[in-house]
Amino acid sequence: MTHTKNWLSNLTPRFHTTLFWVVCLCCCFNARAQKNDTIILKNKDRLIGEIKEMDKGVLIIETDYSDSDFNVKWLDIKKLSSQQTFLITLRNGDRLNSMLQTDSINGGRVVLYDVTEKKYIYTSVHDIVYVKSVKQGFISRLDASLSLGVNLTQRDNFKQFTMRSTLGYTANYWSLQGSYNAIKTKQDNSNDISRTDASLGLRVFLKHDYFLNLSGELLQNDEQQLDMRVTTKLGFGKYFVHTNKLYFGGVVGGAWNNERYEPILNADRNSAEAFGGIELNMFDIKDFSLLTNAVVYPSLTEKHRVRSDIKLDLKYDLPLEFFIKFGFTYNYDRRPPEGASKEDYVLQATFGWEL
């Protein structure tokens, strides 16, 4: 028995040491295996690394020989070789878990291997609008941005703070998108002014670029004497155009509107509404991108009442993921409470950073 204990005590350090080096070698091998994707550009430049994603016409690849990731235009790629499995979205709305085969992009032709259906799919480089490595974790599926702006003037001690932010998560067949925008203004001999809008939406992707949309929106607006408006929406939509240069889609559905105005108006109300909206996202304009959407809400329970919301963001990309953003928001209510304004608009210029 004593001999056995001595043998075990001698084996344990050796076993730990061996296990340590085995784990290290496996990690090194795994790291090398993940970074053997090869891209050849039309100008014959070659990049070797790990493909992270392709979105809005730009492919991101991480390499061992650069501290920062490379951004490459998707249509500038001549050949591509990878053994990874990706979530791929096609122009017709189909979403695949697929491999991009060796030299799969050649002369505009792409060969995909659908690992779910166990079959090859032949398509065009122009028909692939989104690529995401499915091996990546939770953080890599997040998209976030934050931009801030400050205005100060000596006269009347004017101070204004503005913020625009977004947060999104993309899974295989659904995405979650949120935003928070705010303006706070202070000035001597004048009441403080504030405006806040926020949204959170779940989008479930269906075949042929159709989708279901469930969202909630919040608005607080001093100009319209609105303490809080919460609108819950359920809709059905479709992308009419879905390419590497732009997205254009529409959605229709129903909404429930809960409003609380300033006490002096005594005009709190709830209402049912229909809604219809369009969205345009343009992103292959050199360093500029444009996102705009417009929604109209005809009331189902209040006669002759129609609301509308319009938003526009123009962004200019700077190095190191920084950007400058110009934002415009417009709200209209055909039948507001007596004493409240029918419309309000906001112009914002902010500087920010995105993940």
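Procedures and definitions
Residues numbered from 1 in each chain as written. Predicted model: local features only at pLDDT ≥ 70, side-chain atom pairs only at ≥ 80, totals over all residues. Heavy atoms only, no water. Helix = DSSP H or I, 4+ residues; strand = E, 2+ residues; numbered from the N terminus. Buried < 20%, exposed > 50% of the residue type's maximum accessible area, 1.4 Å probe, protein only. Contact = heavy atoms within 4.5 Å. Areas by Shrake-Rupley, 256 points an atom, 1.4 Å probe, with all protein chains shown as cover. Pairing = 2+ DSSP bridges. Phe/Tyr/Trp six-rings, centres within 6.5 Å; stacked < 30°, edge-to-face > 60°. Lys NZ or Arg CZ within 6 Å of the ring centre and 35° of its normal. pLDDT = per-residue confidence, 0-100. Patch = residues over 30% accessible without salt bridge, like charges linked within 9 Å, V, L, I, M, F, W, Y side chains within 5 Å. Salt bridge = Lys/Arg side-chain N within 4 Å of Asp/Glu carboxyl O. Lys, Arg positive; Asp, Glu negative; His and termini not counted. Charge placed at Lys NZ, Arg CZ, Asp CG, Glu CD.

Describing the overall build of the protein
What the protein contains, in helices and strands, is one helix and 22 strands. Counting over 355 residues, the protein shows a buried share of 41%. Taking all contacts inside the protein whose residues are at least 6 apart in sequence as the whole, residues at least 24 apart take part in 48%. Accessible area of the protein: about 20400 Å², with a carbon and sulfur share of 59%.

With respect to the pairing of strand S1 (residues 37-41)
Taken across its five residues, S1 has five buried, putting it largely inside the fold. Neither face of S1 is open: one carries Asp37, Ile39 and Leu41, the other Thr38 and Ile40, and all of them are buried. Here S1 runs beside strand S2 (residues 46-55); their pairing, made up of four bridges, is antiparallel. Considered in S2, the bridge of isoleucine 39 is made with leucine 47. As consecutive antiparallel partners, S1 and S2 are separated by four residues, and within that stretch lysine 44 has a phi angle of approximately 80°, a positive value. Alignment of S1 against strand S5 (residues 77-81), held across four bridges, turns out to be antiparallel. Across the sheet, isoleucine 40 pairs through a bridge with lysine 79, a residue of S5.

Quick word on unusual backbone geometry
Not every positive phi belongs to a glycine, and asparagine 266 is a case in point at roughly 50°. The residue asparagine 266 is located in the loop between strand S17 (246-261) and strand S18 (269-285) in this model. You will see that histidine 304, though not glycine, has its phi angle at about 65°, which is positive. Examined against the element boundaries, histidine 304 turns out to sit in the loop between strand S19 (288-298) and strand S20 (306-317). Relative accessible area serves as the criterion here: at 51%, histidine 304 is assigned to the exposed category.

Quick notes on the environment of tyrosine 345
Inspection of the secondary structure assignment puts tyrosine 345 in strand S22 (residues 343-354). Judged by its relative accessible area of 55%, tyrosine 345 is exposed. Between the C-alpha atoms of tyrosine 345 and asparagine 331, which are 14 residues apart in sequence, the distance is 6.3 Å.

Thoughts on the packing of aromatic side chains
All chains considered together, the criterion is met by ten aromatic pairs. Consider the rings of phenylalanine 240 and phenylalanine 248, whose centres lie 5.9 Å apart with planes at 45°: the pair is tilted. Exposure remark for phenylalanine 248: the relative accessible area of 28% places this residue in the partly exposed category. On the numbers, 5.3 Å between centres and 80° between planes, the contact of tyrosine 247 with phenylalanine 283 is edge-to-face. Here the residue tyrosine 247 occupies a position in strand S17, and phenylalanine 283 occupies one in strand S18, the gap between them amounting to 36 residues. Among the aromatic side chains, those forming a connected cluster through ring pairs are Phe211, Tyr239, Tyr247 and Phe283. In this structure, arginine 95 is placed above the aromatic ring of phenylalanine 205, and the distance from its NZ or CZ to the ring centre is 4.1 Å. For lysine 315, the ring lying beneath its charged end belongs to phenylalanine 323, and the centroid distance is 5.4 Å.

Quick look at the confidence of the model for the protein
A residue-level look at the protein finds 85% of positions with pLDDT of 70 or above and a mean pLDDT of 82. Taken as a whole, residues 1-33 scores under 50 in pLDDT and shows zero contacts with residues more than four places along the chain or in a different chain.

Brief notes about a positive patch on the surface
A cluster of basic side chains, namely Lys303, Arg334, Arg335 and Lys342, defines a positive patch on the protein surface. Along the polypeptide, arginine 335 turns up in the loop between strand S21 (322-333) and S22.

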